[in-house]
Protein chains: 2
Amino acid sequence: MIATTAAANSKLLISVEALDTFCVSALKKVGVSSANARITSSVLVGTDSFGVFTHGVKSLRGYVRRLKSGGLRADASPAIVKQGPGWAIVDGHSGLGMVTSTFAMKVAIEKARATGIGYAGVRNSCHFGAAGAYALQAARAGLIGLAVANDKPSVSVPGSRRPVLGSNPFAYAVPCGGGRPIFMDIATSAVAGGKIYQAQTFGLPIPSNWLIDSEGVPTTDPNGYPETKTLVPMAAHKGYGLALFIEVLSAALTGAALTSRVGSWMADDPSLPTNHGAAFIAINVGSMVPLGSFKRNIDRVIAEIRSAPLAKGAKRIFVPGEIEWEKRDRALKHGLELPSDVVASLEGLAADLQMKLPRAPKQKQRHKP
Amino acid sequence: MIATTAAANSKLLISVEALDTFCVSALKKVGVSSANARITSSVLVGTDSFGVFTHGVKSLRGYVRRLKSGGLRADASPAIVKQGPGWAIVDGHSGLGMVTSTFAMKVAIEKARATGIGYAGVRNSCHFGAAGAYALQAARAGLIGLAVANDKPSVSVPGSRRPVLGSNPFAYAVPCGGGRPIFMDIATSAVAGGKIYQAQTFGLPIPSNWLIDSEGVPTTDPNGYPETKTLVPMAAHKGYGLALFIEVLSAALTGAALTSRVGSWMADDPSLPTNHGAAFIAINVGSMVPLGSFKRNIDRVIAEIRSAPLAKGAKRIFVPGEIEWEKRDRALKHGLELPSDVVASLEGLAADLQMKLPRAPKQKQRHKP
């Protein structure tokens with residue numbers, strides 16, 4: 001059932017189901033199979049339901065543009081092109097990153113079930129949304145999951161004034177007793193570019209360790225990003241080193257484009273493939289230790305972390321992923337409140353495809369703003 | 001040949017060979033076999049030669065104290081206790097962390113050669129020195145290496161006022177064409193505790209994102225660490241999440257002690273084992289892609305990074321590990337200049353064991369101070 005509310009200032013309250021139905025329809029309209037449309041929508045809507053609006057359905061309009069122009073192939077099927085007992089290289093054939101990545105993590109899980117630990121590297125992929133989705137795919141199957149990917153350079157390295165590496169994401173997920181895996185999904189840049197755009201919109205200064213200006217000097221003025229200003233890596237040389245490692249796992253091992261050769265899925269000619277790379281590692285807990293005792297151990301660590309003495313002003317200590325799970329609970333119960341930039345993108349997509357974004361008559365909002 | 005120089009203010013200029021000979025002798029004197037003494041000394045002296053004086057021979061006195069008291073067993077041999085095609089769990093039997101970890105990475109390399117990717121988890125180990133040593137062991141063999149370990153809690157998490165997780169190190173190394181692997185070896189705390197001690201010694205304030213006080217509030221005063229003040233994680237929730245992931249790989253999968261149950265190799269009763277955990281992953285590049293073309297790709301990325309436009313004031317862009325390799329070159333050519341805290345520890349060790357720290361007549365120093 002579709003039940004949505006148009007909120008003030010262009011926000012939109014929409015049920016998770018209604019949003020999913022809309023996204024699946026949009027993808028099918030440009031030639032994606034039902035199965036692949038469902039996979040893609042599930043990753044994107046799932047990401048929004050975690051409150052990560054920068055990496056969810058907001059991107060769908062851009063993917064659809066590429067699907068229509070040929071840079072993304074609607075009919076592509078990812079396939080294993082090389083493999084061994086514990087590894088495989090998957091060619092995405094320029095299909096949707098969500099489809100290729102879900103397939104590749106499935107392969108990594110199968111390999112891990114056979115050998116204990118499995119690696120699936122990916123080439124000829126595109127932007128895959130949020131890395132956490134694939135790490136969670138493994139954790140839901142009872143395995144530890146790790147997901148990384150490269151991207152077009154947007155982040156400086158210590159000593160450079162312009163982008164050298166992508167904001168190469170790193171995500172992991174670990175099964176635990178409560179049924180809700182621990183998970184973390186981070187960029188290796190100090191902050192996501194979206195936070196800089198936000199500061200521009202609201203005319204706010206930014207901390208001095210987020211951005212450098214055209215000379216490579218730290219700046220607190222967000223304006224001019226990304227044309228002349230550049231993100232800095234998380235924790236300086238540490239984020240730089242981690243991003244480079246991700247580049248190796250995602251591209252040097254797989255045959256995907258490396259660093260500056262990766263295409264921009266947003267800005268480049270949508271008829272050309274981007275050749276993003278990615279890598280997925282699964283560890284089969286159950287081959288090494290009884291899964292039940294492993295989960296009990298994790299639960300004990302979680303309990304210990306939660307009960308640590310609180311810092312002044314702190315109300316609670318969260319374990320990685322907990323904030324996101326609670327947001328998902330609220331979204332499933334009360335609907336998703338999409339921010340205005342996401343709504344604008346969906347409205348544009350609906351117009352592009354001559355579809356209608358589902359809007360229900362105004363209702364009382366039952367969730368906190 | 002022993003050729004050393006006693007420098008001013010208790011520094012010591014000593015050849016890498018002479019330092020190694022001294023450490024091997026010290027370890028043999030407390031019952032460690034020649035082979036294991038050489039492995040241990042090689043890791044420790046190698047770490048000093050990279051300029052990482054906090055994790056090298058400075059620790060030897062503490063290890064020797066535990067060897068004499070029984071918390072570390074001089075005659076222990078690490079052994080595989082469980083295994084599958086791509087994984088193994090190694091029990092260190094409370095032997096030296098360097099011996100157990102070198103053995104475990106060898107196992108991970110063998111597994112990776114068989115399946116493409118290998119995992120070796122370790123229990124009943126102790127402090128293993130610098131994680132980078134084991135990552136490099138894989139890279140020297142032509143594989144990608146990853147090394148992590150847990151430790152007694154010394155780092156807060158967002159919202160806590162006291163230590164919750166160890167400074168759990170993360171290291172990787174990647175073979176490349178020049179023969180010198182790219183490598184990074186980092187703590188998941190914002191800084192190493194050693195930097196706080198340094199600030200105490202010199203009476204200097206510290207940046208506000210290194211340490212929290214007894215109430216969990218950021219402080220710029222290094223005094224009171226570690227009794228009432230606590231390190232913060234690298235990049236806030238990102239370092240916290242990474243440290244927890246390392247805890248899972250090193251301990252939840254292996255049967256090693258978790259978080260607060262890990263012993264302190266420095267402060268606890270030296271007759272009791274610490275039960276540190278660790279994990280080593282090796283990826284056999286050559287099974288996936290011809291090693292030569294992989295290395296050429298890495299070299300091209302390195303060249304691209306090095307030639308990026310420089311930030312104002314920057315002289316050069318370093319790739320991960322490059323600073324350390326250049327320090328090693330100087331150490332091999334001109335000798336190692338050990339800082340005074342390392343010298344004091346070695347002198348204490350020499351006194352404990354009724355040995356003599358090698359000192360040569362004063363020479364002209366040929367290296368930069």
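Undergrad: With reference to specific residues and values, describe the relation of the copies chain A and chain B.
TA: Mapping chain A onto chain B leaves a residual RMSD of 0.0 Å; the transformation is a rotation of 180 degrees accompanied by 0.0 Å of translation along its axis. Such a combination of rotation and displacement between the chain copies is what one expects of a two-fold axis. Scanning chain A for the C-alpha nearest the rotation axis identifies Ala235 of chain A, at a separation of 2.8 Å. The overlap is high: 100% of the interface residues of chain A also sit at the interface in chain B, so the same surface is used on both sides.

Undergrad: Residues and numbers for the nonpolar core, please.
TA: Counting residues in each nonpolar core, the largest one holds 249 residues, and the members touching the most others are Ala135 and Phe280 of chain A together with Ala135 and Phe280 of chain B. When neighbours within four sequence positions are excluded, Ala135 of chain B is seen to be in contact with Gly145, Leu146, Ala147, Ala171, Tyr172, Ala173 and Phe183 of chain B.

Undergrad: Could you give an account of unusual backbone geometry, with specific residues and numbers?
TA: Residues Tyr225 of chain A and Pro226 of chain A are joined by a peptide bond in cis, for which omega reads 0 degrees. Its place among the elements puts Pro226 of chain A in the loop between strand 10 (218–219) and strand 11 (230–231). If you check the backbone angles, Thr259 of chain A has positive phi at about 40 degrees while not being a glycine. A positive phi angle is found at His93 of chain B, which is not glycine, with a value near 50 degrees.

Undergrad: Requested: an account of the sheet that holds strand 3 (residues 79–84) of chain A, with residues and values cited.
TA: Residue and element names in this part refer to chain A. Taken together, seven strands build an open sheet; the order of strands is 3-4-5-12-6-7-8 and the sheet is mixed. Edge positions in the sheet fall to strand 3 and strand 8 (182–186), since each of these pairs with one other strand and no more. Within this sheet the neighbouring strands show an average axis-to-axis angle of 15 degrees, counted without direction. The pairing of strand 4 (residues 87–91) with strand 5 (residues 117–125) spans five bridges and is classified as parallel. Note on strand 5: the bridge partner recorded for Asp91 is Arg123.

Undergrad: Provide a residue-level description of the pairing of strand 5 (residues 117–125) of chain B, including the pertinent values.
TA: All names here are of chain B. The element strand 5 is extensively covered by neighbouring structure, given that nine of its nine residues are classed as buried. Traced from strand 4 (residues 87–91) through helix 4 (residues 97–115) to strand 5, the parallel crossover comes out right-handed. Pairing between strand 5 and strand 12 (residues 276–283): seven bridges, direction antiparallel. The residue of strand 12 that forms the bridge with Ala120 is Phe280.

Undergrad: A description of the interface of chain A and chain B should follow, citing residues and the corresponding values.
TA: Many descriptions give the size of an interface as the accessible area lost when the pieces come together. In this complex, chain A contributes 60 residues to the contact, which on the side of chain B involves 60 residues. Going through the elements one at a time, strand 3, strand 4, strand 5, strand 7 (170–174), strand 8, helix 7 (237–252), helix 8 (285–288) and helix 9 (291–306) of chain A are the ones with two or more residues in the side of chain A that touches chain B. Per-element accounting of the side of chain A that touches chain B gives the leading share, seven residues, to helix 7 of chain A. Among the residues forming the side of chain A that touches chain B, the class breakdown is 38 nonpolar, 13 polar and nine charged.

Undergrad: Please set out the domain arrangement of chain A residue by residue, giving values where relevant.
TA: Residue and element names in this part refer to chain A. Per the domain assignment, the segments making up chain A are domain 1 (4–69 + 322–352) and domain 2 (79–189 + 233–288). For domain 1 versus domain 2, the separation of C-alpha centres amounts to 22 Å. Opposite the 16 residues of domain 1 that make contact, domain 2 presents 13 residues. For the side of domain 1 that touches domain 2, the elements supplying multiple residues, two or more each, are helix 2 (34–49) and helix 3 (60–69). Top contributing element to the side of domain 1 that touches domain 2 by residue count: helix 2, with seven residues.

Undergrad: Describe the environment of Phe202 of chain A, naming the residues involved and giving the relevant values.
TA: Inspection of the secondary structure assignment puts Phe202 of chain A in helix 6 (residues 193–202). A C-alpha to C-alpha distance of 34 Å links Phe202 of chain A and Ser25 of chain A, two positions 177 residues apart in sequence.

Undergrad: Can you explain the sheet that holds strand 9 (residues 211–212) of chain B? Please cite residues and give values.
TA: Residue and element names in this part refer to chain B. Taken in spatial order, the three strands line up as 10-9-11 in an open sheet, and their pairing is antiparallel. Only two strands of the sheet have a single neighbouring strand rather than two, namely strand 10 (218–219) and strand 11 (230–231). Strand direction decides the pairing type here: strand 9 and strand 10, joined by two bridges, are antiparallel. Its bridge partner lying in strand 10, Leu211 is registered against Thr219.

Undergrad: Go over the packing of helix 4 (residues 97–115) of chain A against helix 5 (residues 132–140) of chain A, please, and point to the residues and values.
TA: All names here are of chain A. As a packed pair, helix 4 and helix 5 sit with axes 10 Å apart at the nearest point and diverge in direction by 35 degrees. Seen from above, helix 4 lies across helix 5 with right-handed handedness. Here helix 4 contributes Ser101, Thr102, Met105 and Ile109 to the contact with helix 5, which in turn contributes Tyr134, Gln137 and Ala138. Across the contact of helix 4 with helix 5, the residue classes break down as four nonpolar, three polar and no charged.

Undergrad: Provide a residue-level description of the pairing of strand 7 of chain A, including the pertinent values.
TA: Residues and elements named next belong to chain A. Among the five residues in strand 7, five count as buried, and that is most of the element. Burial along strand 7 is two-sided: Phe170, Tyr172 and Val174 facing one way and Ala171 and Ala173 facing the other are all buried. Where strand 6 (residues 144–149) lies against strand 7, four bridges are found, and the strand directions are antiparallel. Following the sheet pairing, Leu146 is matched in strand 7 by Tyr172. Inspection of the sheet shows strand 7 paired to strand 8 by five bridges, in the antiparallel sense. Its bridge partner being in strand 8, Tyr172 is matched across the sheet by Met184.

Conventions used here
Residues numbered from 1 in each chain as written. Chains lettered and ligands numbered in written order. Predicted model: local features only at pLDDT ≥ 70, side-chain atom pairs only at ≥ 80, totals over all residues. Least-squares fit on C-alpha atoms with pLDDT ≥ 70 in both. Contact = placed C-beta atoms within 7 Å. Core = buried A, V, L, I, M, F, W, Y, C linked by C-beta atoms within 7 Å. Buried ≥ 20, exposed ≤ 12 C-beta atoms within 10 Å, placed from the backbone. Helix = DSSP H or I, 4+ residues; strand = E, 2+ residues; numbered from the N terminus. Pairing = 2+ DSSP bridges. Axes fitted to C-alpha atoms, helices over the stretch in contact; angles between N-to-C directions. Right-handed = clockwise from strand over helix to strand, strands pointing away. Nonpolar A, V, L, I, M, F, W, Y, C, P; charged D, E, K, R; others polar. Domains from an automatic or database assignment. Left-handed = near helix turned anticlockwise from the far one by under 90°.

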